[in-house]
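# Analysis of the macromolecular model
Here is what each chain is made of, one letter per residue.
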Amino acid sequence: MASKLESPVQAKMAVAVFNGIYNGDYRWSRRAKPGRTRRVFVQTETGCVLGLELDRNDNAHTVKKKLQLALNVPTDDSSLTFGDLTLNNDLSAIRDDSPLLLTRNAMHRSSSTPCLSPTVKNIQQRDQSGLIEILGCSTHFAGTTELVNEIIKAIKNGIDPIPVNSGLGGAYYFRNIKGENVAIVKPTDEEPFAPNNPKGFVGKALGQPGLKRSVRVGETGFREVAAYLLDYGRFANVPPTALVKVTHSVFNVNDGVNGNKLQSKKKVSKIASLQQFIPHDFDASDHGTSGFPVGAVHRIGILDIRILNTDRHGGNLLVRKLGGVEGFGQVELIPIDHGLCLPESLEDPYFEWIHWPQASIPFSDDELEYIRELDPIHDCEMLRAELPMIRESCLRVLVLCSIFLQEAAAFGLCLAEIGEMMSREFHVQEEEPSELEVVCLEAKEIVMEMDMLFFEADERDDEFQFDMDCEAVHYENVEDFKTQADEGPVHTGLVGRCKEDWFCTASRLSPSLKKVNLGEKHCHYHGGKPERKYMKGYSSRMSRSANEQLPTSTSFVKFADMNEEEWNLFIIKFKELIYPAFAKRRSRTIVQRQRLGTSCQF
């Protein structure tokens, strides 16, 4: 019987909290300490949020039982997930205030009713926690705590949030006691395509592919926070951002699959990103860009490259005037809206600044030093601690793009050249992978060939052992076998041929690189999927370029399919292959350099 986790919407109003959730100070630890309780927030794939307090005896089964009591629906055919992790018994990795996701198993999904809600009758439990609570209490969010207290004071004095009309997703301005906008809140279940989107863009459950296929519905919120955490020292000027649980009646709740808004407004709790609102005069799409500071453009571009921002347009670059009576004067740039960064696989980024003249100016010494000192491994460790729900494939994208930035800057490429190497080119009904993706495809191909090489070597070893065993039964005694072995046993020939084949095959790895002109994308992608028969031998595949082996998906390069050993080898090969691509890009850029002219002053 299919799960009823998605039936009519009364349960949207239910935000149940069990066992007297405390309303005390924020607490934070990387791993739960034995012998004490932990609070978690469980979000169903339709957006309903429930607060639970766990003790050390709780496991995923008991958590789902508690949810079943609160929602009055069966949860046996559902899974409790935490990023990449599907929770079974051990919950020790779950820290305080972690957001968990309750999803139906794939076999119980229905494409016709993806967005219905749980059913709850006469739920009387009320949320005993605060109006706004920061999920995770690292020192990074100290400033945000003061902002939250300011908003709570305003709400208690009757100053309610205001819905934001622009954009595809649900967003709300939260105000202070003076009625001034001080924060913008974006609930995860009101994103584009999410169940409670207030602007008609519905149709998917949380956790399914979203506006970008490699960014799942409901997961843009923690990406907003990740961009802030990675902007060390406010280098790019990202406003303070935190992941919160917030309760208010202003939020939107849709009535089932049709996406119709409920008429009655009741308090509901949501998981959301909360970002400090920065007063500004306009955004980058409202004015000419030639007056923007070179350093500000560079710093934002550096961040966008690191996090592979797929949505950097003029509308999410705020501009604030700093002075000047006449004309444009000095301005400050504030980058916002980073929910489509850190995709799970390489995507086509969109960099608004890529054709701005500032992007063609070489990096300054301070900027080069900042890039050199970036440590993507440390970045990953920090994000795992602060945002433990982040997926490993997203972290691999961060590592790859950070390395690419560092190597490209050391080679002498400017911001525009780096951005162009990461961007795809489009033609009529055709799409080409970017120069970065071509290099990654070739590096993955080499790793794959080496895997096949060792696999076939192991097969030969097995065949050799089998031949020895079969041959041994023909000898009547051990002495006969020794005599035959001294005269030149068969297994010697097998070993010799295996070793010879190994060197032969290894020598074929480097010629494969000649099949792709790194930095020159000449093969178009038509959406067809070339047949790949890996078990038939690798030599036939080596005669084709990486471009000819593209999958049907627009995600040309994925990293989740590599184990740790393969990933480490991939990074080594990637570093070896990028310098020919850099040289090709530099030679192409020299011809185009005249676009700046000599009259531009910055």
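Above this text is the structure in question.
Counting from 1, residues in each chain are numbered in the order their sequence is written. Only residues with pLDDT of 70 or above have their local features reported here, since the model is predicted, and side-chain atom pairs are shown and tallied only from 80 upward, although totals for entire chains, interfaces and linings are computed over all residues. Note: side-chain values were computed over all heavy atoms of the structure, leaving out hydrogens and water.

Below, the discussion takes up the packing of aromatic side chains. Whether two aromatic rings pair depends on their centres lying within 6.5 Å, for rings of Phe, Tyr and Trp, where Trp uses its six-membered ring; planes under 30 degrees apart make the pair stacked, over 60 edge-to-face, and the rest tilted. Using the criterion set out here, one finds 15 aromatic pairs in the structure. Measuring from ring centre to ring centre gives 5.4 Å for Phe559 and Trp567, while their planes differ by 65°; the resulting arrangement is edge-to-face. Like Trp567, Phe559 is buried. Members of the aromatic cluster, each reached through a chain of ring pairs, are Phe404, Phe411, Phe559, Trp567, Phe570, Phe574, Tyr579 and Phe582. Burial classes follow relative accessibility: with a 1.4 Å probe on protein chains only, a residue under 20% of its type's maximum area counts as buried, one over 50% as exposed, and anything between as partly exposed.

Let's shift gears to the pattern of salt bridges. Between Lys or Arg on one side and Asp or Glu on the other, a salt bridge is scored when a side-chain nitrogen of the former is within 4 Å of a carboxyl oxygen of the latter. The tally for this structure, following the rule as stated, stands at 24 salt bridges. Salt-bridge contacts for Glu344 lead to Arg391; the nearest nitrogen and oxygen are separated by 3.6 Å. Residue Glu344 is located in the loop between strand E16 (331-335) and helix H5 (365-372), and its partner Arg391 is located in the loop between helix H6 (376-386) and helix H7 (392-411); the two are separated by 47 residues in the primary sequence. A residue is classified by how much of its surface remains accessible, and Glu344, at 14% relative accessible area, is buried. On the accessibility criterion, Arg391 (8% relative accessible area) is buried. Two residues, Arg588 and Glu435, come together in a salt bridge whose shortest N-O distance is 3.5 Å. Helix and strand definitions here come from DSSP, where helices need a minimum of 4 consecutive H or I residues and strands a minimum of 2 consecutive E residues; each element is numbered from the N-terminal end.

What follows concerns the packing of helix H4 (residues 294-306) against H7. Note on geometry: axes are C-alpha line fits, over the in-contact stretch for helices, and angles between N-to-C directions span 0 to 180 degrees. Contact geometry for H4 and H7: axes closest at 7 Å, N-to-C directions at 135°. Between H4 and H7, the angle falls in the class oblique. For the pair H4 and H7, the contacting residues are Ile302, Ile305 and Arg306 in the first and Val397, Leu398, Cys401, Ser402 and Leu405 in the second. Residues were grouped as follows: Ala, Val, Leu, Ile, Met, Phe, Trp, Tyr, Cys and Pro as nonpolar; Asp, Glu, Lys and Arg as charged; and all remaining residues, including Gly, as polar. For the contact of H4 with H7, the per-class residue count stands at six nonpolar, one polar and one charged. Reported orientations rely on four angle classes, namely roughly parallel under 35 degrees, roughly antiparallel over 145, roughly perpendicular from 65 to 115, and oblique for the rest. By definition in these notes, contact holds between two residues if any of their heavy atoms fall within 4.5 Å.

Mapped onto the secondary structure, Ile361 falls in the loop between E16 and H5. Ile361 gets classed as partly exposed once you look at its relative accessible area, which sits at 23%. Along the sequence, Ile361 and Leu413 sit 52 residues apart, while their C-alpha atoms lie 9.8 Å from each other.

Attention now goes to the side chain of Glu190. Residue placement: Glu190 occurs in the loop between strand E9 (181-187) and helix H3 (220-230). Pairs of N or O atoms within 3.5 Å make up the polar contacts considered here, provided that, within protein, one atom can donate a hydrogen while the other can accept it, and that residues adjacent in sequence are counted only when both atoms are side-chain atoms. Within polar-contact distance, the side chain of Glu190 engages the side chain of Tyr172 at 2.7 Å. Every residue in contact with Glu190, bar those within four places of it in the chain, is listed here: Gly169, Gly170, Tyr172, Asn196, Asn197, Pro198, Phe251, Asn252 and Lys270.

A word on a negative patch on the surface. Like charges within 9 Å and nonpolar side chains (Val, Leu, Ile, Met, Phe, Trp, Tyr) within 5 Å are joined into patches, using only residues over 30% in relative accessible area that form no salt bridge. Here the open area of atoms and residues is found with the Shrake-Rupley method and a 1.4 Å probe, where only the protein chains shown may cover a residue. Note that His is not counted, nor are the chain ends; the positive residues are Lys and Arg, and the negative ones are Asp and Glu. Note on charges: their place is set at NZ of Lys, CZ of Arg, CG of Asp or CD of Glu. Negative charge collects at one region of the surface, where Asp365, Asp366, Glu369 and Glu373 lie side by side. Checked against the element boundaries, Glu369 lands in helix H5.

Quick look at the pairing of strand E8 (residues 172-175) now. The side chains of a regular strand alternate, first on one face of the sheet and then on the other. Taken together, the two bridges between strand E7 (residues 162-163) and E8 define a ladder with antiparallel strand orientation. Each residue of the ladder has a partner; that of Pro163, found in E8, is Tyr172. At least two bridges found by DSSP between two strands are what make those strands a pair. In the sheet, E8 pairs with E9 via four bridges, with the strands oriented antiparallel. Paired with Arg175 across the strands is Asn181, a residue of E9. With antiparallel pairing between neighbouring strands as the criterion, E8 and E9 make up a hairpin whose turn holds five residues, including Gly179 at a positive phi of roughly 85°.

Taking strand neighbours across the sheet as the criterion, the three strands line up as E14-E15-E16 in an open arrangement whose pairing is antiparallel. The outermost strands of the open sheet, each flanked by one partner alone, are strand E14 (282-283) and E16. Pairing geometry for strand E15 (residues 317-321) and E16, over five bridges, is antiparallel. Bridging from a neighbouring strand, Val319 pairs with Leu333 of E16.

To continue, consider helix H1 (residues 60-71). The span one expects for a helix is its residue count, reduced by one, times 1.5 Å. For H1, with 12 residues, the first-to-last C-alpha span of 16 Å sits near the 16 Å given by 1.5 Å per residue. Taken residue by residue, H1 has Ala60, Val63, Lys64, Lys66, Leu67, Ala70 and Leu71 as its buried positions. One side of H1 holds all its buried residues, which, seen down the axis, span an arc of 155°. Looking at the buried positions of H1, the neighbouring elements they touch are strand E1 (38-44), strand E2 (49-54), strand E3 (78-82), strand E4 (85-87) and strand E5 (98-104). Remark: Asn72 follows H1 within two positions and exhibits a positive phi of approximately 60°. In this description, one arc is meant: the one made by directions from the helix axis to the C-beta atoms.

With that settled, the discussion passes to the nonpolar core. The criterion is simple. A nonpolar core is a set of buried Ala, Val, Leu, Ile, Met, Phe, Trp, Tyr and Cys residues joined through side-chain atoms within 4.5 Å. Membership of the largest hydrophobic core comes to 128 residues, with the highest contact counts inside it found for Phe174, Leu383, Leu400, Phe570 and Phe574. Look past the residues within four positions of Phe574 in its chain and what remains in contact with it is Leu400, Ile403, Phe404, Leu436, Val439, Cys440 and Ala443.

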